[in-house]
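# Structural features, examined
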Amino acid sequence: MTDEQIKTLVLDELGKIAPEIALDQIDPAVDLRDQIDLDSMDFLNLMIAIHEATGVDIPEADYPKMASLDGCVVYLRSRIKEA
Amino acid sequence: MPALGADMEAGTIIEWLVKPGDAVRRGDIIAVVDTEKATIEVEVFETGVIQNIVVGKGEKVPIGTVLALIRTDGEAVLPPTEIKPKPVAAPPPIPPRPPTPPRIEKPPLAEVPPITPHRLRVSPLAMRAALDLKVDLSTVKGTGPDGAIIKADIERAAKAAVAAPPATPAHPTAPAVEAAVTPAPSAPSAEGPKLVPPRKPTIAPADRQAAMRKAIAAAMAHSKREIPHYYLGAHIDMSRAMTWLQAENLKRMVTERLLYSVLLLKAVALAVREIPEMNGFWTDGAFKPGAAIHVGVAISLRQGGLIAPAIHDVDKKSLDQIMVNLRDLVKRVRAGVLRSSEIADATITVTSLGEQGVEAVFGIIYPPQVALVGFGKIAERPWAFNGMIGARPVAMASLAADHRASDGHRGALFLAAIDRLLQEPEKL
């Protein structure tokens, strides 16, 4: 999976959770929860969607690494390589 | 038309899922109704056969209106002349509500009035007209066959009532037509439901938003006007609960993980067993305890507004079951499709605004419920224990309760029970 594909996957899922946001306005370096008002259920649904698409099971302890879009890309890149 | 929440005045039939002659069982979804807040799947409360459908697709009618008639076992089939639904024209504008609306014989939704010699004979059309025009059937003299009450009799009685209004001044909170299938009283309104008949099957998002704002305004103003709230707050040490939850989630795949809200919901439900006067409804000047523990969960909508559908029998469910229910509920709230029982029968509500970072929330009770539990953010705080100070995750639990139904002492015991239950998360 390329970085671009990972990014698209995460953004697609965010679009489903928060249909009213402009996905191209998201700053990839900034915490997603601060940008788009995600609650814990939204975030869990994002993790589940990523798991279903990539097979990567993200432990709760690693959630902080998934906080921003850039973070998601870096983290998933390494986890997918492992697999 | 069931009252799907205290803030609902009218609903629009979007779709019928049954037709006359269909057999239905209690709990079946028979129709889809649009309200200000959501699209609701209406569950039937009787088992029997659909005799006729009274309110057609696209029609907007006030709560309490008979939508369809169901013949239950053992009831005679009505002669076809009586059950023929007339093609319904635009619903008549509701006349100004008489100052003290005459009490209407409570017509259970979807139940055929049994035609027996010692009961009033009322044609289905007349039944509907009586509801629409708010006429007490027991005061109407029937002029139909065998003295049956027909629609014309109702209309005559309604005109007479408007012509001679009682002398008492209007009471702004006089209950309107009692909800047919739910314990929720209809939302009071000084002006009565507005029945503008543009028969759009669905409401445009912007309209829905405005309508929802209005509905919330009506319910909350009603609550603050009528309910003498008292408020209590307690700091709860969440370290045991959070440690247990982390260890539990470590063992689980992401799809099986629990959110801490599930622990809170279960703790509230179990605490309700100990202090039952927090659970139920204040109706007709008295507290009616809830028959079960259905916990309403306040869920905010991304576009604004909120809705508090119920998870049923939370006290009897495992944490996993509650989590499955919660996920499903949030998903359907966001999609805008809920079931009538979820909307109408919460017996207590929980709001967890802590997600947004506030430390405490002091809620407004959702009438006719009598209590609302709020949880603030779980944050690390200095916590004194055994003469030592340490950092622990702490949450502020608050209770807004109806002083007519309970006193502060019982409310305090209730919060203490929630605290105690959260100290033994493995037993939840």
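What you see is a predicted model; the values in this text were computed from it and never measured. (Residues numbered from 1 in each chain as written. Chains lettered and ligands numbered in written order. Predicted model: local features only at pLDDT ≥ 70, side-chain atom pairs only at ≥ 80, totals over all residues.)

Next up on the list: the overall build of chain A. Regarding its fold elements, chain A presents four helices and zero strands. Relative to its full complement of 83 residues, chain A shows a buried share of 23%. (Helix = DSSP H or I, 4+ residues; strand = E, 2+ residues; numbered from the N terminus. Buried ≥ 20, exposed ≤ 12 C-beta atoms within 10 Å, placed from the backbone.)

So, on to the overall build of chain B. Each helix and strand in chain B was counted, giving nine helices and 19 strands. Within the span of chain B, comprising 428 residues, buried residues form 42% of the whole. Once local pairs closer than 6 in sequence are excluded, the contacts in chain B between residues at least 24 apart make up 69%. (Contact = placed C-beta atoms within 7 Å.)

In this section: the packing of helix H6 (residues 260-274) of chain B against helix H9 (residues 408-422) of chain B. Residues and elements named next belong to chain B. At a minimum axis separation of 8 Å, H6 and H9 run at an interaxial angle of 130°. By the angle class used here, H6 and H9 are oblique. For H6 against H9, the interelement crossing comes out right-handed. Judged by residue contacts, Leu263, Ala267, Val268, Leu270, Ala271 and Glu274 of H6 engage Phe414, Ala417, Ile418, Leu421 and Leu422 from H9. Grouping the amino acids of the contact of H6 with H9 by side-chain chemistry returns ten nonpolar, no polar and one charged. (Axes fitted to C-alpha atoms, helices over the stretch in contact; angles between N-to-C directions. Parallel < 35°, antiparallel > 145°, perpendicular 65-115°, else oblique. Left-handed = near helix turned anticlockwise from the far one by under 90°. Nonpolar A, V, L, I, M, F, W, Y, C, P; charged D, E, K, R; others polar.)

A separate point is the sheet that holds strand E3 (residues 29-34) of chain B. All names here are of chain B. With mixed pairing, five strands are arranged side by side in an open sheet as E6-E1-E3-E4-E15. Where the open sheet ends on each side, the last strands, each with one partner, are strand E6 (60-62) and strand E15 (337-339). Strand-to-strand twist across the sheet, computed as the mean angle between neighbouring axes with direction ignored, equals 35°. (Pairing = 2+ DSSP bridges.)

On to the confidence of the model for chain B. Residues and elements named next belong to chain B. This prediction gives chain B a mean pLDDT of 79; 74% of its residues lie at or above 70. Ranking the elements of chain B by mean pLDDT puts helix H1 (residues 80-83) last with 43 and H9 first with 98. Here residues 80-118 scores under 50 on pLDDT; set against residues more than four positions off or in separate chains, the count is 92 contacts. A low-confidence stretch, residues 164-201 stays under pLDDT 50, and its non-local contacts, those more than four residues away or across chains, total 96 contacts. (pLDDT = per-residue confidence, 0-100.)

Averaged over all residues, the pLDDT of chain A equals 89, while 99% of them reach at least 70. Across chain A, helix H3 (residues 40-54) of chain A holds the top mean pLDDT of 91, while helix H2 (residues 32-36) of chain A sits lowest at 86.

Time to look at the environment of Val370 of chain B. Residues and elements named next belong to chain B. If you trace the backbone, Val370 turns up in the loop between strand E16 (348-351) and strand E17 (371-375). Owing to 27 C-beta atoms within 10 Å, Val370 belongs among the buried residues under this scheme. Separated by 141 residues in sequence, Val370 and His229 have C-alpha atoms that sit 8.9 Å apart. Excluding anything up to four places from it in sequence, Val370 contacts Met278, Gly280, Phe281, Trp282, Phe287, Ile365, Ala401, Asp402, Ala405 and Ser406.

Before going further, it helps to spend a moment on the sheet that holds strand E7 (residues 68-71) of chain B. Residue and element names in this part refer to chain B. Strands sit in the order E2-E5-E7 across an open sheet of three strands; the sheet is antiparallel. The strands lining the two open edges of the sheet, one partner per strand, are strand E2 (23-24) and E7. Two elements, strand E5 (residues 48-53) and E7, share four bridges in a ladder whose sense is antiparallel. Its bridge partner being in E7, Ile50 is matched across the sheet by Ile70.

A few words now on the interface of chain B and chain A. At the interface, twelve residues of chain B touch 13 residues of chain A. Broken down by element, the residue count for the side of chain B that touches chain A peaks at three residues, all from helix H5 (residues 239-250) of chain B. Looking at the side of chain B that touches chain A residue by residue, the class counts come to five nonpolar, four polar and three charged.

Once that is clear, we can look at unusual backbone geometry. The amide bond that connects Pro367 of chain B to the next residue, Pro368 of chain B, takes the cis arrangement and shows omega of 5°. With respect to the helices and strands, the residue Pro368 of chain B is situated in the loop between E16 and E17. Phi at Asp37 of chain A is positive, roughly 50°, even though this residue is not glycine. Structurally, Asp37 of chain A is set in the loop between H2 and H3.

Before going further, it helps to spend a moment on the pairing of strand E19 (residues 388-402) of chain B. Residues and elements named next belong to chain B. Two strands pair when backbone bridges link them, and strand E8 (residues 229-237) and E19 are joined in this way by nine bridges, in the antiparallel orientation. Looking at E19, one finds that His229 is bridged to Asp402. As judged from the five bridges shared by E17 and E19, these two strands associate in the antiparallel manner. Pairing of Leu372 across the sheet is with Ala400, part of E19. For strand E18 (residues 379-385) and E19, the ladder comprises seven bridges, and the chain directions are antiparallel.

Residues and elements named next belong to chain B. Counted at 1.5 Å a residue, the expected span for H9 with its 15 residues is 21 Å, and the 21 Å between its end C-alpha atoms agrees. Among the residues of H9, those classed as buried are Gly411, Phe414, Leu415, Ile418, Leu421 and Leu422. Viewed along the axis of H9, the buried residues span an arc of 125°, placing them on a single side of the element. The inward-facing, buried residues of H9 contact E8, H5, H6 and E19. (Expected span 1.5 Å × (residues − 1). Arc of directions from axis to C-beta.)

As a further point, take the nonpolar core. Residues and elements named next belong to chain B. Counting residues in each nonpolar core, the largest one holds 116 residues, and the members touching the most others are Leu265, Val268, Val295 and Ala371. The element that contributes the greatest number of residues to this core is H6, accounting for eleven residues. In this structure, this core is formed jointly by two domains, domain 1 (10-218) and domain 2 (227-427), each of which donates at least three residues. When sequence neighbours within four positions are dropped, the list of residues in contact with Leu265 reads Val295, Val297, Ile311, Val314, Ile322 and Val350. (Core = buried A, V, L, I, M, F, W, Y, C linked by C-beta atoms within 7 Å. Domains from an automatic or database assignment.)

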